[in-house]
Amino acid sequence: MESKYNYFKRDISWLSFNYRVLLEALDERLPLYERINFISIYSSNLEEFYKIRVADHKAVASGATESDEETVQSARELVEEINKEVTRQLDDRVRIYEQKILPALRKNHIIFYQDNHVEPFHQQFIKDFFREEIFPYLQPVPVSKDKIVSFLRDNRLYLAIRVYPKKEEKNKGEEPKENIEKYTGECINERNDGEGIKVGMEAARPNVTDLRQPLYFVMKQPYAKVPRFIELPSREKNHYLMFTEDIIKANLNLIFPGYDVDSSYCIKISRDADILIDDTASSADLVAQLKKKVKKRKIGDVCRFVYDRAMPSEFLDFLVDAFRIQRDELVPGDKHLNLEDLRHLPNPNKSLHSLEKPKPMKLTVLDEKESIFNYVAKKDLLLYYPYHSFEHFIHFLYEAVHNPETREIMVTQYRVAENSAVINTLIAAAQNGKKVTVFVELKARFDEENNLATAEMMQAAGIKIIYSIPGLKVHAKVALIRRRGLNGEKIPSYAYISTGNFNEKTATLYADCGLFTCRKEIVADLYNLFRTLQGKEDPKFTTLLVARFNLIPELNRLIDREISLADEGKQGRIILKMNALQDPTMIDRLYEASEHGVQIDLIVRGICCLIPGQSYSRNIRVTRIVDSFLEHARIWYFGNDGTPKVFMGSPDWMRRNLYRRIEAITPILAPDLRDSLIEMLNIQLADNQKACWVDDKLQNIFKKRTPGTPAVRAQYTFYDWLNKTNN
């Protein structure tokens, strides 16, 4: 039965979010290098989007895979729509970069060369630097439509070059051949150089019947050997920077003597990075599959060919044919590609200040003398990262290691940091004689290898490892410390439920929260959840909400309650904060609640498929916040006629989270902690500095500060509030 409601397309909605990230580069209130970093984040996000989402759609569009959610035709149309929107956004990125960022750098005495114009006093330096530092690592590889099989590596920057043999009176046919062979070196012999480019002798030879026929080459930029950005000698007050590829372009005549260099342009390939595995496989088979398939990630099918939009059409046509590129894979880019590298842009002007982000605070009640165990035994504890220090959680595990009454430590692992303090502490616990059980989700995309390596390291230390459940992902972020008195008496055990991963690095970048509690009902539910992960029983949960068990029924009951209140003339109120809202069934429930008069505020950072501003969504508002930290917490508020019910946990309202994953959500039962979460939601809704409305056309409409009202920048305002209440 077709729904009477409409929805935004998931991927077009995501592009709206990523465009909002790009808009931060326009905010002149931010330090300049913070603005530059947002261009980097935008570009990095887009790269992953093409490798996963667009690659999936292209596989359906080509008939290589089947999908229950789209047809071949709809997939083709969606890829076309995505490319059209991305092209529009990249036009804006070029304008922001060239018309806002570069002039701002110049204003701060940083001259970032972007074209062929280089001051005379730098020309010899550039030539010398090229000869000494870059030239030894360059390897031009000839390209031919018919006689060469070429493979461009994923997300590597290449220079595509077109040259013509010079006209000479003597030995017209000989000199070009000698020079080509000299400067392509060992490439002229049939081989595979490990970079994936296979060439043959004849591909390098000019056409002896017409020496002015163009020759084409590609040359991988040597960023493993040379930085992307080069600092040139300063002069007076000015500092100078230059892209490595621009230094190479300025010296191409040294690579191709005997030839006229016609032109050169940057190109790159994005490849399908998704890993298709048998999700019903046993743990042992899954491990074997992952070890084999992650190595093939870099040689996946092409999903995007990005090129300098200034490239002439006949040049582009040649490359399309030579590299067997499909037209729907073409995405025009800027002169300089891979702008995610801008996060490494040197800052030679030390007077430019960095953004003063809130520093993680330690709770005064949890100073070094205070046991977290003793504190939580008396009352629940709620931490907000990165405003609170993640060291509190590390200390919590450390106490468990050294507490003689600790019987077992149980943790889920989804994404952990490299050289993780969390993992090291768990290993110390096992070595200290504690029983440690860790559930490791091997299917966490792009973290498969890291998760597998840390799992094997923990297993070697004596930790019991439980691997992925067939057909499911475990996304819950939970830990359980089970204790028993030395004489067998019952003593409190401890549960921890979080919205974020056990990752001390992302805990400084992502805005999350985590609950510590000794409440018996939550501890018992969490123990049942871990038993479920071990395949031991089909549990019943009394307090926790767990996806695929009791989550959906309870959400429906909570929404029904607000609808009933509105029907009775009372206030129905819902506030939902999450990363993504996509599931049509739950969106329909929100549309239904709106039609009954329930007032609904959504704080959705990324994907939001619910369309505001419709007759059936007139009581729904969608807010998006992008700021210093990545908003990552999932918090749900239901008014309940003045006695609010507040929940926090790991799932977004995506189909995958609600139906195909194990997720854990806890109610916040302590009134003071519940009130603090409500305060945070209210501050975010009041944000008039970094918050946008998302309208019915997916535009980001910045909220304006009403005259006479205070400026509210939610992340900083909430940090100040936490600091004042730190006791």
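Residues numbered from 1 in each chain as written. Predicted model: local features only at pLDDT ≥ 70, side-chain atom pairs only at ≥ 80, totals over all residues. Heavy atoms only, no water.

The name an unreviewed UniProt entry assigns to the protein is Polyphosphate kinase, from the organism Bacteroides xylanisolvens. Comment text from UniProt for the protein, heading Sequence similarities (unreviewed entry), reads "Belongs to the polyphosphate kinase 1 (PPK1) family." If you open the UniProt record of the protein and go to Cofactor (unreviewed entry), you find "Mg(2+)". (UniProt positions renumbered as here; feature names shortened; annotations may be inferred.)

Novice: For helix H15 (residues 551-567), give the residues involved together with the corresponding values.
Specialist: Between its terminal C-alpha atoms H15 stretches 24 Å, which fits the 24 Å expected from 17 residues at 1.5 Å a residue. When H15 is considered as a whole, its buried residues turn out to be Leu 551, Ile 552, Glu 554, Leu 555, Leu 558, Ile 559, Glu 562, Ile 563, Leu 565 and Ala 566. (Helix = DSSP H or I, 4+ residues; strand = E, 2+ residues; numbered from the N terminus. Expected span 1.5 Å × (residues − 1). Buried < 20%, exposed > 50% of the residue type's maximum accessible area, 1.4 Å probe, protein only.)

Novice: Kindly report on the sheet that holds strand S10 (residues 302-308), identifying the contributing residues and their values.
Specialist: The strand order S2-S6-S3-S9-S10-S11 describes an open sheet built from six strands, whose pairing is mixed. Bordering the open sheet on either side are strand S2 (141-143) and strand S11 (330-333), each of which pairs with just one other strand. Recorded for the sheet is a direction-independent mean angle of 35° between the axes of neighbouring strands. Here S2 runs beside strand S6 (residues 215-220); their pairing, made up of three bridges, is antiparallel. Bridge pairing in S6 links Val 143 to Tyr 216. Here helix H2 (residues 32-61) sits on the sheet in contact with strand S9 (259-271), S10 and S11, set at roughly 130° to S10. Taken strand by strand, helix H9 (residues 313-322) contacts S2, strand S3 (158-165), S6, S9, S10 and S11, and its axis lies near 115° from that of S3. (Pairing = 2+ DSSP bridges. Axes fitted to C-alpha atoms, helices over the stretch in contact; angles between N-to-C directions. Contact = heavy atoms within 4.5 Å.)

Novice: Please set out the nonpolar core residue by residue, giving values where relevant.
Specialist: By size, the foremost hydrophobic cluster in this structure holds 114 residues, and its most contacted members are Leu 590, Leu 602, Leu 610, Trp 636 and Trp 653. When near neighbours in sequence (up to four residues on either side) are disregarded, Leu 602 contacts Leu 576, Leu 581, Leu 590, Leu 610, Ile 620, Arg 621, Val 622 and Thr 623. Leu 381, Ala 400, Val 436 and Tyr 496 belong to the second largest nonpolar core, which has 43 residues in total. (Core = buried A, V, L, I, M, F, W, Y, C linked by side-chain atoms within 4.5 Å.)

Novice: Run through the environment of Lys 107, naming residues and quoting values.
Specialist: Relative to the elements of secondary structure, Lys 107 occurs in helix H3 (residues 72-107). By relative accessible area, Lys 107 is classed as exposed at 70%. Considering only alpha carbons, one finds Lys 107 and Asn 238, 131 residues apart in sequence, at a separation of 9.8 Å.

Novice: Give me the sheet that holds strand S29 (residues 691-694): which residues, what numbers.
Specialist: In space, the nine strands of this open sheet follow the order S20-S28-S26-S25-S21-S22-S23-S29-S30, with mixed pairing throughout. Lying at the two open borders of the sheet, with one neighbouring strand each, are strand S20 (545-546) and strand S30 (700-702). Pairing of strand S26 (residues 645-649) with strand S28 (residues 664-667) involves three bridges; the strand directions are antiparallel. By the bridge assignment, Gly 649 is partnered in S28 with Ile 665. Its contacts with the sheet place helix H16 (residues 584-595) against strand S21 (573-578), strand S22 (599-604) and strand S23 (620-625), and it is angled at close to 145° to S22.

Novice: Give a detailed account of the state of the cysteines, specifying residues and quantitative values.
Specialist: What makes a disulfide is a covalent bond joining the sulfur atoms belonging to two cysteines. Scanning all chains against the criterion turns up zero disulfides. Unpaired in this structure, Cys 608 has its nearest cysteine sulfur neighbour in Cys 609, at a distance of 7.0 Å. Here Cys 608 falls in the buried class, since its relative accessible area comes to 2%. (Disulfide = S-S within 2.5 Å.)

Novice: I'd love a proper account of the packing of helix H1 (residues 10-23) against H2, names of residues and values included.
Specialist: One can describe the packing of H1 onto H2 by two numbers: an axis separation of 9 Å at closest approach and a directional angle of 170°. In terms of their interaxial angle, H1 and H2 are classed as roughly antiparallel. When the axes of H1 and H2 are compared, the crossing they make is left-handed. Along the contact surface, H1 presents Arg 10, Asp 11, Trp 14, Leu 15, Phe 17, Asn 18, Tyr 19, Val 21 and Leu 22, while H2 presents Phe 38, Ile 39, Ile 41, Tyr 42, Asn 45, Leu 46, Phe 49, Arg 53 and His 57. Partitioning the contact of H1 with H2 into residue classes produces twelve nonpolar, three polar and three charged. (Parallel < 35°, antiparallel > 145°, perpendicular 65-115°, else oblique. Left-handed = near helix turned anticlockwise from the far one by under 90°. Nonpolar A, V, L, I, M, F, W, Y, C, P; charged D, E, K, R; others polar.)

Novice: Explain the pattern of salt bridges to me, using residue names and the numbers behind them.
Specialist: Oppositely charged side chains are able to pair whenever their charged atoms sit close together. One pass over the structure, following the stated rule, counts 43 salt bridges. For the salt bridge of Arg 228 with Asp 341, the shortest nitrogen-to-oxygen distance reads 2.8 Å. In this pair, Arg 228 is assigned in the loop between S6 and strand S7 (229-235) and Asp 341 in the loop between S11 and helix H10 (372-378), connecting sequence segments 113 residues apart. Each member of the pair, Arg 228 as well as Asp 341, is classed as buried. A salt bridge links Arg 621 to Asp 601; the nearest nitrogen and oxygen atoms lie 3.1 Å apart. One end of the pair, Arg 621, is in strand S23; the other, Asp 601, is in strand S22, and 20 residues separate them in sequence. Three or more residues joined by partner-sharing salt bridges are found here, namely Glu 47, Lys 51, Asp 154, Lys 268, Arg 304 and Glu 340. (Salt bridge = Lys/Arg side-chain N within 4 Å of Asp/Glu carboxyl O.)

Novice: Give a description of unusual backbone geometry that names residues and reports values.
Specialist: If a residue is not glycine, its phi is most likely negative; likewise, a peptide bond is most likely trans. Cis peptide bonds are those with omega within 30 degrees of zero, and the linkage from Tyr 385 to Pro 386 qualifies with 5°. In this structure, Pro 386 sits in the loop between strand S12 (381-385) and helix H11 (391-402). Backbone geometry places His 109, a non-glycine residue, at a positive phi of 65°. Its location among the elements puts His 109 in the loop between H3 and strand S1 (110-113). Among the residues examined, His 109 registers a relative accessible area of 32% and is labelled partly exposed.

Novice: An account of the environment of Arg 483 is requested, with residue identities and associated values reported.
Specialist: Locating Arg 483 in the fold gives a position in strand S17 (residues 477-483). Arg 483 sits in the buried class, given a relative accessible area of 13%. When the C-alpha atoms of Arg 483 and Asn 403 are compared, they prove to be 9.0 Å apart, with 80 residues separating the residues in sequence. Sequence-distant contacts of Arg 483, that is, excluding residues within four places in its chain, are made with Phe 373, Asn 403, Glu 405, Thr 406, Arg 407, Ile 491, Pro 492, Ser 493 and Tyr 494. Within polar-contact distance, the side chain of Arg 483 engages the side chain of Glu 405 at 3.4 Å. Engagement of the side chain of Arg 483 in a polar contact is seen with the backbone oxygen of Pro 492, the distance being 2.8 Å. (Polar contact = N/O pair within 3.5 Å; in protein donor to acceptor, adjacent residues only side chain to side chain.)

Novice: So what's going on with the side chain of Arg 93? Which residues, and what values?
Specialist: Along the chain, Arg 93 turns up in helix H3. Within the buried set, Arg 93 has no salt-bridge partner at all; the shortest N-O distance to an opposite charge, 5.7 Å, is to Asp 334. For Arg 93, the side chain forms a polar contact with the side chain of Ser 43, separated by 2.8 Å. Not counting the four nearest positions on each side in its chain, Arg 93 is found in contact with Leu 22, Ile 39, Tyr 42, Ser 43, Asp 334 and Leu 339. (Lys, Arg positive; Asp, Glu negative; His and termini not counted.)

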